[in-house]
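# Descriptive structure summary
Spelled out from the first residue to the last, the chains are:
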Amino acid sequence: MPPRGPRITSPTLKDLARLAGVSPMTASRALHRPELVAEETRARVAQAVEQTGYVTNSLAGGLTSRQTRLVAAIVPSMAHSLFSDMLEALVSALEIERYETTLGISRYDPDREEAWLTTMLSRRPDGVVLTGTEHTARTRRLLLNAQIPVVELWDYTPHPMDVVVGFSQEDAGRAAFRHLWACGYRRPALLRSDDSRASRRALGFHRAAAEVGYGEPIEIVFPESSPQAGRGREALDALLTRAPQIDAVFCSSDALAQGVLAHATTLKLQIPTHFGVLGFGDQALAAETVPALSTVRVDGTRIGHMGAQALLARMRGETIYSAQDVGFEIIQRASTRGNEGSSMREIV
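Before going into details, it helps to say that this report is about the structure given with it. This is a predicted model, so every value here is computed, not measured. (Residues numbered from 1 in each chain as written. Predicted model: local features only at pLDDT ≥ 70, side-chain atom pairs only at ≥ 80, totals over all residues. Heavy atoms only, no water.)

### Quick look at the pattern of salt bridges
- On inspection of all chains with the given rule, the structure shows 20 salt bridges.
- Linking Glu 50 and Arg 138 is a salt bridge whose minimum nitrogen-to-oxygen distance equals 3.5 Å. In this pair, Glu 50 is assigned in helix H3 (residues 39–52) and Arg 138 in helix H6 (residues 137–146), connecting sequence segments 88 residues apart.
- Looking at Glu 50, the relative accessible area reads 40%, which means it is partly exposed. (Salt bridge = Lys/Arg side-chain N within 4 Å of Asp/Glu carboxyl O. Helix = DSSP H or I, 4+ residues; strand = E, 2+ residues; numbered from the N terminus. Buried < 20%, exposed > 50% of the residue type's maximum accessible area, 1.4 Å probe, protein only.)

Next up, the structure:
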C-alpha cells in the first residue's frame, strides 16, 4: 500500500466559523436555518464550506459510539446485471458482518455522485464504496477529510484513493480488438454508449488497431440515457449506412450486442462467416442467443466480494494491498469465428 501523508483532521464547525469570520452558532444557523442569517453571512459560510470540505454531522449528539455500522455504496445503474451482481455480492458479504448498506445511483454523472456523497457523509458511514475511479475534485476532498475507508470498484488504477478492486477498461478494449483481428476480421468497428468506461474501452480498441496498422476504426456512439429498445437495430443500421464494408463489431454491452445479432439475422448477414459480433459483460442470456454471443467476461460477483473483504479489513484498521486487478476473459462463442467454448484470460 502506498505510504500515506500526514493525517488530516476533519474540519469542525469551529474551523468553519473561524474561516468565515463568524461565531460557531452563526455558522450553524447559516447551515441549518439560513433564513435567520444575512445573505452576506450565508455566502461567507458557503465559501468556507467549499474551501474546507466541511460536512454537517446529522447524527451529532445521537451516537454513543463512533461506529454507525453503515456503509454507503453507489453504482452508475441497476439496469446492467454486471453492477447488480457486484452489488449483491458486496451487500451480502457486509451483512454477514452486520453492516447495513445504503445505496445510491449516479446515472454515470460525477456531480450526482458528489451530491449523494455529501448527503451520505453527514450520516457518518464507517466506509464508502464507489463504482469507478473518476470523481470530482470535491468528492475526493470530502473523502480525504472524512478519514474513513474508501473502496473503488470495477475500474482499475494503480493509484487509488484508498483501495481499488477492478480491471483495466482500456486493456479490455485492446483485447476485444485483438480477438476480432485474430478471428480474421479486417474491418472491425465499435458500437458504444457515451459513458466514460465505454470510452476507455474504445481507446484501447483504437490503440490495438493502430498497433496492426488498421487505422481509425469506425464508431457509432449513442447516449447511455437513450432507450434500450431498438438500440441495437438503430446502431447497426447507422453503422452499415456509414461503412457498409464493416465485417465485425465490438459492442459496449451484451444487451446492445444481442440487439445487433437479432437485426443482423433480419438483414441476412452471415454470422460469423462474414460478420462477427462481440459483446461485453457475459450477462445471463449471452450463451442463449442464436447464435451464442462471444463476449468479454467480467466477474462482477468476484469484484463485489473482494471489495467487501477489502473494506472490512480497512474498517478494522488493517493495512492491505491497495490496487487489486482481477482481469477479464474473452469468451469465444458462435458469433465470432474460432473455437466456440474457448476463453482467454487477461490480467495486467
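### Quick look at the state of the cysteines
- The tally for this structure, following the rule as stated, stands at zero disulfides.
- Cys 183 takes part in no disulfide bond, and the closest cysteine sulfur to it belongs to Cys 251, at a distance of 14 Å. (Disulfide = S-S within 2.5 Å.)

### Looking at a nonpolar patch on the surface
- A cluster of nonpolar residues, Met 78, Leu 103 and Ile 105, forms a patch on the protein surface that exposes about 230 Å² of accessible area.
- Mapped onto the elements, Met 78 comes out in the loop between strand S1 (70–75) and helix H4 (81–96).
- Residue classification places Met 78 among the partly exposed residues on the basis of a relative accessible area of 38%. (Patch = residues over 30% accessible without salt bridge, like charges linked within 9 Å, V, L, I, M, F, W, Y side chains within 5 Å. Areas by Shrake-Rupley, 256 points an atom, 1.4 Å probe, with all protein chains shown as cover.)

### Here's the deal with the nonpolar core
- In this structure, Phe 250 and Ile 303 are the most contacted members of the largest nonpolar core, which totals 47 residues.
- In this view, Phe 250 contacts Gly 173, Ala 176, Leu 180, Ala 189, Leu 190, Leu 191, Arg 201, Phe 205, Leu 278, Gly 279, Phe 280 and Val 296; residues no more than four positions away in its chain are not counted.
- One finds Ala 235, Val 249, Ala 257 and Leu 293 within the second-largest nonpolar core, a separate group that totals 22 residues. (Core = buried A, V, L, I, M, F, W, Y, C linked by side-chain atoms within 4.5 Å. Contact = heavy atoms within 4.5 Å.)

### Here we look at the side chain of Asp 254
- Along the chain, Asp 254 turns up in helix H10 (residues 254–266).
- Buried charge Asp 254 goes without a salt bridge, the closest partner of opposite sign being Arg 333 at 6.1 Å.
- In contact with Asp 254, other than residues within four places in its own chain, are Gly 279, Phe 280, Gly 281, Asp 282, Gln 283, Ala 286, Leu 293 and Thr 295. (Lys, Arg positive; Asp, Glu negative; His and termini not counted.)

### So, the packing of aromatic side chains
- Here the structure, examined in full by the defined rule, presents nine aromatic pairs.
- Considering the side-chain rings of Phe 167 and Phe 280, the 6.3 Å spacing of their centres and the 35° angle between planes classify their relative orientation as tilted. Remark: Phe 280 occurs in strand S9 (residues 276–281) and Phe 167 occurs in strand S5 (residues 163–167); sequence separation between them is 113 residues.
- According to the relative accessible area criterion, Phe 280 is buried, its value standing at 4%. (Phe/Tyr/Trp six-rings, centres within 6.5 Å; stacked < 30°, edge-to-face > 60°.)

### Quick look at empty space enclosed by the protein
- Under the defined criterion, the tally for this structure stands at two cavities of 30 Å³ or more.
- Within this model, the largest cavity holds a volume of roughly 190 Å³.
- If you go around the largest cavity, you meet 18 residues; those closest to its centre are His 80, Tyr 108, Arg 201, Ser 252 and Ser 253.
- Of all elements in the fold, only H4 and helix H8 (196–211) reach the threshold of two or more residues within the lining of the largest cavity.
- In terms of residues, the lining of the largest cavity owes the most to one element, H8, which gives three residues.
- The class makeup of the residues in the lining of the largest cavity is eight nonpolar, five polar and five charged.
- Roughly 40 Å³ of internal volume is contained in the second largest cavity.
- Lining the second largest cavity are Leu 190, Arg 192, Ala 198, Arg 201, Ala 202, Phe 250, Cys 251 and Ser 252. (1 Å grid on protein atoms, 1.4 Å probe; cavity = no way out; pocket = protein on both sides within 12 Å on 5 of 7 lines; lining within 4 Å. Points joined across faces, edges and corners; volume = space filled by probe spheres on them. Nonpolar A, V, L, I, M, F, W, Y, C, P; charged D, E, K, R; others polar.)

### Notes on the packing of helix H2 (residues 24–32) against H3
- Direction vectors running N to C along H2 and H3 enclose 90°, while the axes themselves pass 9 Å from each other. Here H2 lies roughly perpendicular to H3, going by the angle between them. Residue-level inspection shows Thr 26, Ala 27, Ala 30 and Leu 31 of H2 in contact with H3, the latter providing Thr 41, Arg 42, Val 45 and Val 49.
- Along the lines of polarity and charge, the residues of the contact of H2 with H3 split into five nonpolar, two polar and one charged. (Axes fitted to C-alpha atoms, helices over the stretch in contact; angles between N-to-C directions. Parallel < 35°, antiparallel > 145°, perpendicular 65-115°, else oblique.)

### Focus: H8
- Over its 16 residues, H8 runs 23 Å from end to end, which matches the ideal 22 Å to within 8%, given 1.5 Å per residue.
- By the burial criterion, the buried members of H8 are Arg 197, Ala 198, Arg 200, Arg 201, Ala 202, Gly 204, Phe 205, His 206, Ala 208 and Ala 209.
- Two or three places before Arg 197, at the start of H8, stands the capping residue Asp 195, its side-chain oxygen 3.0 Å from that residue's backbone nitrogen. (Expected span 1.5 Å × (residues − 1). Polar contact = N/O pair within 3.5 Å; in protein donor to acceptor, adjacent residues only side chain to side chain.)

### Structural notes on the environment of Val 37
- Counting through the fold element by element, Val 37 comes out in the loop between H2 and H3.
- Note on Val 37: relative accessible area 9%, which makes it buried.
- It is 16 Å that separates the C-alpha atoms of Val 37 and Val 49, two residues lying twelve residues apart in sequence.
- In contact with Val 37, not counting residues within four places along its chain, are Thr 26, Arg 29, Ala 30 and Arg 42.

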